[in-house]
Every structure is written in C-alpha cells, then in structure tokens.
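If you want the building blocks of each chain, they are given just below.
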Amino acid sequence: MQFRSTLKAIAVAGFGLTLAAPAMSQGVAGSYLAARQASIFNDYRAAADYFARAMMQDTGNPALMENAVMAYLGLGQAERAAAVARRLMSTGASSQIANMVLLADGIKRENFDSVLADIEAGQSVGPLIDGLLKAWAELGAGKMSDAIATFDVVAETKGIEIFGLYHKALGLGMAGDYEGAAEILSGDAAGPLQLTRRGILAYVQVLSQLDRNPDAVDLIDATFPGGLDPALEKLRAELEAGKPIPYDAIRNTKDGAAEVYLVVAGALNGEAADGYTLLYSRLAEYLRPDQVDGILLSASLLENLERYELSTESYMKIPADDPAFDDAELGRADALRKSGDTDGAIAVLQELTAARPDNAAVLITLGDTFRGLERYEEASQAYDSALALFPEPTRGQWRVFFARAITFERTDKWEQAEADFRKALDLNPGQPQVLNYLGYSFVEMGENLDEAVELIKEAVAADPDSGYIVDSLGWVQFRTGNYTEAVVNLERAAELMPVDPVVNDHLGDAYWAVGRKVEASFQWRRALSFDPEEKDATRIRRKLEVGLDVVLEEEGAEPIVLTAKDG
C-alpha cells in the first residue's frame, strides 16, 4: 500500500489552476452555477453543456475552461477536452489537468517532438507521468537510448521505482529486446515486480518470443492457481502446443502512453475520488480505444458515480467476441438495475444466459436479480440451473444454496429451504448469515427454539458487530421468555442499527415486557418514524393505542410472563 499512497501524493499534488478565477458577470454566473451543480452530481453531460454556454459569454475565463475540460473528459470526449485545454493554455494559466490532456493528445497525434518540448518547457503533470510520457515520446521519436535513460531515471526515483522498471520492460519488448524485458519482468534485474494481469500477459508473450513456452505455461499456472478463464485457457493451450505468441501487449508509443494512464488509474482506484481516477482511465481509453481494461475501469467508476447511462454505454463498447464480454454484460445489467431499469437488466441477463447456458455466474446473477425483485419462483429456477452445472458442490457454492433457500422460505417451501440452509452450512460451517437466517426462521415459526438460540449465538460470536444478527439473538431471547437478556442485546442492536424500524420495534416490545412502558412507547414511535412495512406499522400503532399485552391477546399469542430475574 505504500507505493499506492506515494503515487496518490505525486499524482494529486498541484492539481488545479494556479490562479484565482476572475469575477463573472450575472449572465455567466447563472450558467456557471448550473454547471457546478451538475458537476456536484457528476452529471457530465449537463456540466459540459452549461460550461460551454458560460465560456461563450466569458471567452477568456480559465476556470470555466478547466472545468469544461474535466466535464468533457468525464463524458469520454477527450478531443473536445483537448481543444478547450489548448484555449486554456493560451491564456497563460497553469493547469495540471490541461497539461495531462494535452500531453496525451500530442502522443495520440504522434507529435512526439512537440510533446518532448512541452515537457521540457515545464508543462507538467507530475514526476511520474512526466517521466514515463517523456520516455514513451522519445521511443516514438526514434530516440531509443534517450528513452531507456529516462525510464532509468524514473526507476531510480524513490516511491515509483516499480513503475519505471515495468514501463522500461514494456518498451524493451516493443523494441524487440525480449531478453532485456524478461530480465526485468522476472525480477532478476532489480527484484520482483507486482505485476497486474496485463503485466503477466506481457511477460508470457515475452517468454514465448524467447522460445520459452514451457516457462510461460508455468507462469500462468503459478499466477492463476484457482482456475483459468476461457481466454487464459486458450492461451495456455496454444503455448503447450508450441505456438509462438506475438508480442502485442504494447504495439506502439500510443499503447505505452495509454498504459501509463491506466496504471495510474488502477493504482488510484479506491485510493482517490472516483471522479479524479476517471480522468486517467478516460485518457487511457483515448490513447488505446481497444484496451478492455481501461473501458471496464471507466464503466465501473461511472457506476460508482451513479452515472448509469454513461456506464452502460461504456460496457457496450466491449465486442461480443472479446473474452471480457460476459463480465461487461454483467456490469451493464447491474448498472441498468441500479438505474431503475429492472426490465432492461433482466433482458440483458436472459439474452446472455441464452448465449452462455453453461456460465453459472450469469445464472446466479439472474437469480439474484429476480430475488431482489421478490420474483422468488423465477429466482429459484435460475439457481437450479446454475447448481446443475456443477458436478459436485464446492465450498464457494454455499452462497447459491443460501440464496435458493431464501427463495424457498419466501414461497412457503420450508422443507426445501431448510435443506438448502443446512447444505450451505455443510459447505461453509459457521457462516454467520446462514446461521442467523436459519435460527431466526425457527424463531418466527416457533419451532426448534433451543437449536435456534444456539445457531444465533454462534452467528453473534462469528460477527458480533452485525446489528441484524445481534437483533436476532435478542429477539429469540424475547420469544423464549428471557426478557432481561433480550433487552441487553436489543439495546446493542439498536446502537448498531439506530434507524432500523424492526430493531426499534423489537426493543420496544422488550422494554414493555420488563415494565419499562414509557421507553417502550418511545421506541415504537421511533420505529414508526423509520417507515416500516405497512403491516408492521399497523401493529405498532395498535400497540401504542392499547399496549403489547392486549395486542398479544387479540392475536391469540401467549401472554408475557415475568420471572423473578426479570424484576
């Protein structure tokens, strides 16, 4: 994690304009405020439109221009971002984001001497990106010796050594020096590198070019011990058959520069704001439009930013014959579901299921989607189809049995539900979610209460900070007449989940049972304020009118009976 923190500090340092934005006229201010509001909600389309309007009224305002650059980049319109960035730099302002875009645009246009001149003139993004882009531009300009020297400078800079070494290896591979690339990627030159999947595949290609296919096979087996996806299976088979694998990890300078932006985006992902990371992944896409990893990262970031329409557009860029197509379609379905288009999400998953009937992950996702929509029968069928694909159940399948058990429980098929709950526990003993759900179900049915207590106690021991599970323990204690201990655990559950209507309702019942009736009424009112389901709300209102004892009598339930330990 240390190199990620160092990278974040280097990448973010100095970001933004170095001068204050000039005052704006009233007409400009309206468009600007609308654009800023759109930016707050990551609405890149609206932000770009409003910033463009504002720039038409105030043509020399560098702050408007920089914001427009970021909005266009968020949209994936790097060429328009570059056009505005050029206007911004012509004002004499200094902007890291404009520099970042213009250096990428220069490499995209193969203006390598111009890129080198700009870097030399101080058009800087930061030490890491400046150094790596300079080296790739030197390679593009045919200055191999200069490029190697520049890569070495980056590799000798504290905190970013790994990036200089990695890109030097990629550059050597592009130049045909496979022995030099292999020495670096193997770790023999300067110690082991933390290679991504892309790095591993580049190393595999280098080994194959050195007629070392068996070593490449060993590398794949050692790196991916849990099993291979179809693309890796095909690659491994070709290597075993002795087929030479071409080196196309980095085909040209644009690919190398794209890798710079993508590596930075990958390192920043989860460490920096998603909107900031997106700027790098969008430039990676611009430089190498067929780089699937860049597309998928942008799509994921946009989904995190709740720009679902842009996210689905990105996922749809992955062609159907690409090994990542299934993952992209799963991502698209998820984005559609989150946007509220559940019919669209289901249509995507059903089409993918028809095309990939042997892909269990797709069927499981379809089942999860149906279950989230409370379409339990259809969910059960999807889980049935998924489980039928496995010759023998494995530990990882506990989730599928658990999910199917829930669908059976919700459709009053308790015998099948219990069997699946217990199968999930056989596959993953002590799993707290399963223990809790099975125990709570017994409590609600009034069956196997002794076992229910033990199941839920085991769940609490495994996950003591889960409000749902602690609530289950308190509730089973309440249902078995252990009211004093129920209060203790339900108070703890309410601390963990203070705005949950069910937890507050349960605590109100426990307070009533031990004679704390004012506090009981307070908790029931709190529960009502958190929008419970209507049937629960009706029952809570009745308890506030007549008390829990009368409600239990009206329901034909056993009355509350206090013991000495309950006071």
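Residues numbered from 1 in each chain as written. Predicted model: local features only at pLDDT ≥ 70, side-chain atom pairs only at ≥ 80, totals over all residues. Heavy atoms only, no water.

Engineer: Would you take a moment to explain the nonpolar core for this structure?
Structural biologist: Across soluble globular proteins, you tend to see nonpolar side chains buried next to one another. By size, the foremost hydrophobic cluster in this structure holds 105 residues, and its most contacted members are V101, L133, Y261, Y280 and L283. For this core, the element with the most residues is helix α15 (residues 253-268), which contributes nine residues. Ignoring anything within four residues of it in the chain, the contact list for V101 reads V69, L73, A78, A81, A82, A85 and L283. Listed in part, the 77 residues of the second largest apolar core include L349, Y437, W475 and A520. (Core = buried A, V, L, I, M, F, W, Y, C linked by side-chain atoms within 4.5 Å. Buried < 20%, exposed > 50% of the residue type's maximum accessible area, 1.4 Å probe, protein only. Helix = DSSP H or I, 4+ residues; strand = E, 2+ residues; numbered from the N terminus. Contact = heavy atoms within 4.5 Å.)

Engineer: Help me understand the pattern of salt bridges, please; the structure alone is not making it clear to me.
Structural biologist: Side chains that differ in sign of charge can pair as their charged atoms come close. Scanning the entire structure with this criterion turns up 47 salt bridges. Among the salt bridges present, the one from E491 reaches R516, with a minimum N-O distance of 3.5 Å. Taken together, the residues span a long stretch of sequence, with E491 in helix α28 (residues 483-496) and R516 in the loop between α29 (501-513) and α30 (517-529) at a distance of 25 residues. Of the residues examined, E491 reaches a relative accessible area of 26% and is grouped as partly exposed. Here the salt bridges do not stand alone but share partners, grouping D43, R45, R307, E309 and E313 into one network. (Salt bridge = Lys/Arg side-chain N within 4 Å of Asp/Glu carboxyl O.)

Engineer: Is there a simple way to explain the packing of helix α10 (residues 161-174) against α15 in this structure?
Structural biologist: What describes two packed helices is the angle between their axes and the distance between those same axes. For the pair α10 and α15, the least separation of the axes is 11 Å and the interaxial angle reads 160 degrees. In terms of orientation, α10 lies roughly antiparallel with respect to α15. Where α10 crosses over α15, the handedness of that crossing is right-handed. On the side of α10, the interface is formed by F163, Y166, H167, L170 and M174, while α15 contributes T253, G256, E259, V260 and V263. (Axes fitted to C-alpha atoms, helices over the stretch in contact; angles between N-to-C directions. Parallel < 35°, antiparallel > 145°, perpendicular 65-115°, else oblique. Left-handed = near helix turned anticlockwise from the far one by under 90°.)

Engineer: When you look at the side chain of K168 in this model, what are you seeing that I'm missing?
Structural biologist: If you trace the backbone, K168 turns up in helix α10. Ignoring any residue separated from it by four or fewer positions in sequence, one finds K168 in contact with I148, F151, D152 and I184.

Engineer: Explanation requested: the packing of aromatic side chains in the structure shown.
Structural biologist: Two numbers describe a pair of aromatic rings. These are the distance of the centres and the angle of the planes. Counted according to the given criterion, the structure contains 13 aromatic pairs. Residues F402 and F421 carry aromatic rings whose centres are separated by 6.0 Å and whose planes lie at 55 degrees to one another, so their mutual orientation is tilted. Note that F402 is positioned in helix α23 (residues 398-410) and F421 in helix α24 (residues 414-427), a separation of 19 residues in sequence. Classification of F402 as buried rests on a relative accessible area of 11%. Take F421: its relative accessible area is 0%, and that puts it in the buried class. An angle of 75 degrees between the planes, with centres 5.8 Å apart, marks the rings of W414 and F442 as edge-to-face. Of the two residues, W414 is situated in helix α24 and F442 in helix α25 (residues 432-445); the sequence distance between them amounts to 28 residues. The buried category is assigned to W414, whose relative accessible area is 18%. Judged by relative accessible area, which is 1%, F442 ranks as buried. Through a chain of ring-to-ring contacts, the aromatic side chains of W398, F402, W414, F421, Y437 and F442 assemble into a single cluster. (Phe/Tyr/Trp six-rings, centres within 6.5 Å; stacked < 30°, edge-to-face > 60°.)

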